[in-house]
Amino acid sequence: MTRLLIVGPPGAGKGTQAARISERFGIPTISTGDIFRTNIADETELGKQVKAIVDAGDYVPDSLTNALVTDRLNEADADGGFLLDGYPRTPDQVQYLTDLLAQRGHTLDAVIRLVADQDEIVRRLRQRSLDQGRVDDSEEAIRHRQDVYIRETAPLIDMFREQGLLIEVDGLGAIDDVTTRIFDALDERGLRTAAA
Ligand code: ADP
């Protein structure tokens, strides 16, 4: 049973690494950004509600995001653990998640922080906008998302550090090397796969 978060600025490579961690631990990745994008693409009620916010690179209101995560964590595949990507992102979300887990007698095992410098991140996001055409990967929206991250989400890192949960991993270099760093760091904390 492994309960993990992955955090880092937009473009740090969270999604790519999350898929690999999920596979290794046999747990689902729950990405709030992906859930919002799917709902926007499918033009659901939720999608219509959040489209303008997400396209502009602002944060969806906590109440909406918290409710969405609660529903997702209630699905059966999250019983055996999970990796949250892109949540929690605000102090209110951290408190909400902490309480939600506590109600179930659960706690987080670790928070993986991918560290990457600004220049590399901007380069990656420009490339992603060419590859995937995400509306929020326009230059203006990228810059805005970076600012929002620094203002809202970066301060949460100190909190995770104080709680002794933080694992900091260099996110630069080859994708496989970053994955190895993450797996090694998780091993060191005694977080192994069921089989190991
Ligand atoms: P990135 O990490 O590149 O910003 P994400 O896919 O994680 O991309 O998120 C895309 C967008 O979805 C965010 O800019 C925001 O509008 C919305 N979003 C995702 N997660 C949250 C969250 N936890 N709280 C509020 N808004 C969120």
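Each value, and the rule that gives it
- Residues numbered from 1 in each chain as written.
- Predicted model: local features only at pLDDT ≥ 70, side-chain atom pairs only at ≥ 80, totals over all residues.
- Heavy atoms only, no water.
- Near = heavy atom within 4 Å.
- Polar contact = N/O pair within 3.5 Å; in protein donor to acceptor, adjacent residues only side chain to side chain.
- Areas by Shrake-Rupley, 256 points an atom, 1.4 Å probe, with all protein chains shown as cover.
- Helix = DSSP H or I, 4+ residues; strand = E, 2+ residues; numbered from the N terminus.
- Nonpolar A, V, L, I, M, F, W, Y, C, P; charged D, E, K, R; others polar.
- pLDDT = per-residue confidence, 0-100.
- Buried < 20%, exposed > 50% of the residue type's maximum accessible area, 1.4 Å probe, protein only.
- Contact = heavy atoms within 4.5 Å.
- Axes fitted to C-alpha atoms, helices over the stretch in contact; angles between N-to-C directions.
- Parallel < 35°, antiparallel > 145°, perpendicular 65-115°, else oblique.
- Left-handed = near helix turned anticlockwise from the far one by under 90°.
- Pairing = 2+ DSSP bridges.

1. Quick word on the site of the ligand
Here comes step 1: Around the ligand sit 19 residues in total, of which T32, R37, D58, G86 and R145 are the nearest.
Here comes step 2: A distance of 3.2 Å separates an oxygen atom of the ligand from a polar atom in the side chain of K14.
Here comes step 3: In the model, an oxygen atom of the ligand is placed 3.3 Å from a nitrogen or oxygen of the R128 side chain.
Here comes step 4: When the ligand is considered free in solution it has 550 Å² of accessible area, and contact with the protein chains removes 97% of it.
Here comes step 5: Considering each element in turn, the shell around the ligand owes the most residues, 4 residues, to helix α2 (residues 32-41).
Here comes step 6: Per-class residue counts for the shell around the ligand are 6 nonpolar, 5 polar and 8 charged.

2. Concerning the confidence of the model for the protein
Here comes step 1: Here the protein averages 92 in pLDDT, while 98% of its residues score no lower than 70.
Here comes step 2: When the elements of the protein are averaged for pLDDT, helix α6 (residues 118-132) gives the smallest value, 84, and strand β2 (residues 29-31) the largest, 98.

3. So, the side chain of T2
Here comes step 1: Inspection of the secondary structure assignment puts T2 in strand β1 (residues 2-7).
Here comes step 2: We classify T2 as buried; its relative accessible area is 8%.
Here comes step 3: Apart from residues lying up to four places away in sequence, T2 is in contact with F25, I27, G80, G81, F82, D109 and L191.

4. Description of the packing of α6 against helix α7 (residues 139-162)
Here comes step 1: It is at 11 Å that the axes of α6 and α7 come closest, and there the two elements cross at 140°. It follows from the interaxial angle that α6 and α7 lie oblique. Considering only the axes of α6 and α7, their crossing is right-handed. Mapping the contact onto sequence places Q118, I121, V122, L125, R126 and R128 in α6 and E139, I142, R145 and Q146 in α7.
Here comes step 2: Of the residues in the contact of α6 with α7, the class split is 4 nonpolar, 2 polar and 4 charged.

5. Structural notes on the sheet that holds strand β3 (residues 81-85)
Here comes step 1: Pairing in this open sheet of 5 strands is parallel, and the strands run β2-β3-β1-β4-β5 from one edge to the other. Each having just a single partner strand, β2 and β5 (166-170) make up the two edges of the open sheet. Each neighbouring strand pair of the sheet contributes to a mean axis angle of 20°, computed without reference to strand direction.
Here comes step 2: When β2 meets β3, the two strands line up parallel, connected through 3 bridges. Looking at β3, one finds that T29 is bridged to L83.
Here comes step 3: In the packing of α2 onto the sheet, the strands contacted are β2 and β3, and the crossing angle to β2 comes to about 60°.
Here comes step 4: Sheet contacts for helix α8 (residues 175-188): β1, β4 (110-115) and β5; angle to β5, the most-contacted strand, approximately 155°.

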